[in-house]
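The lines below spell out each chain.
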Amino acid sequence: MNSDPSPTLDAADLRLLALLQDDASLSNQALAEAAHLSAATCHRRVQRLQSLGLIERRVAILNPQRLADITGWGLSALVEISLDVQTAEALDAFEARAVAEGAVQQCWRVSPGPDFVLVVQVADMPAYQELARRLFTEDSQVRNVRAFFAVKRAKFGTALPLPAASGTGHKA
């Protein structure tokens, strides 16, 4: 990562971030045109944004309902987990186990309330039960589990809100 102690973002950087959040598959040329930059400047700026750690990775986002329609595979759940103790070691140990599970799409430590909220995607209820056995039941530190199974996805987004691109010098 960049060692600049106080990097800033200008309007062009914010335009690039907004465009990439909308469609990371754009070629450098198409991105440059949309951001009103030269291809070389665009490439250099995107590399800088990556070196600052602002662009974590570029991925394809699959439609879980369409995948389920085609494969018959898909059960989404939001799961709240509370541990018996909240020591750093216990929290770190559960977190490490959760993030190692392929079915766990997101793992959030939260407060107050449960210790973790997981977003889980599995094939079906038997697959969820197996995940629950492995991740929750076999862990003596897990005190409480509440699972909420998705019946409809009304909205799903990945874009982070950005400051208005009109100003310059936003801290990165």
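Further up the page is the structure itself.
In this text, all values refer to a predicted model and were calculated from it rather than measured experimentally.

### A look at the nonpolar core
The nonpolar side chains of soluble globular proteins are, as a tendency, buried together. Counting 21 residues, the largest nonpolar core has Ile-81, Phe-94, Leu-118 and Phe-136 as the members making the most contacts within it. Elements represented by at least two residues in this core include exactly β2 (75-83), α5 (88-100), β4 (116-122) and α6 (125-137). Those residues in contact with Phe-94 that lie beyond four places of it in its chain are Ile-81, Leu-83, Phe-116, Leu-118, Leu-135, Phe-136, Asp-139 and Val-142. Core analysis: the second largest hydrophobic core is formed by 14 residues, Leu-9, Leu-31, Ala-32 and Val-46 among them.

### Brief notes about the packing of aromatic side chains
Taken as a whole and judged by the stated rule, the model has two aromatic pairs. A ring pair is formed by Phe-94 and Phe-116, whose centres lie 4.9 Å apart and whose planes are at 50°; its orientation type is tilted. Here the residue Phe-94 occupies a position in helix α5, and Phe-116 occupies one in strand β4, the gap between them amounting to 22 residues. For Phe-94, a relative accessible area of 1% corresponds to the buried category.

### Things to note about the sheet that holds β2
Overall, antiparallel pairing links the four strands, which are arranged β3-β4-β2-β5 in an open sheet. Every interior strand has two partners, whereas the edge strands, β3 (104-109) and β5 (142-149), have only one. Strand-to-strand twist in this sheet, taken as the mean axis angle between neighbours without regard to direction, amounts to 20°. Bridging between β2 and β4 involves seven bridges; their strand directions are antiparallel. Across the sheet, Ser-76 pairs through a bridge with Gln-121, a residue of β4. Where α6 meets the sheet, it contacts β2, β3, β4 and β5, and its direction lies at approximately 160° from that of β5.

Scoring rules and cut-offs
- Residues numbered from 1 in each chain as written.
- Predicted model: local features only at pLDDT ≥ 70, side-chain atom pairs only at ≥ 80, totals over all residues.
- Heavy atoms only, no water.
- Core = buried A, V, L, I, M, F, W, Y, C linked by side-chain atoms within 4.5 Å.
- Buried < 20%, exposed > 50% of the residue type's maximum accessible area, 1.4 Å probe, protein only.
- Helix = DSSP H or I, 4+ residues; strand = E, 2+ residues; numbered from the N terminus.
- Contact = heavy atoms within 4.5 Å.
- Phe/Tyr/Trp six-rings, centres within 6.5 Å; stacked < 30°, edge-to-face > 60°.
- Pairing = 2+ DSSP bridges.
- Axes fitted to C-alpha atoms, helices over the stretch in contact; angles between N-to-C directions.

That is the geometry; function is a separate question.
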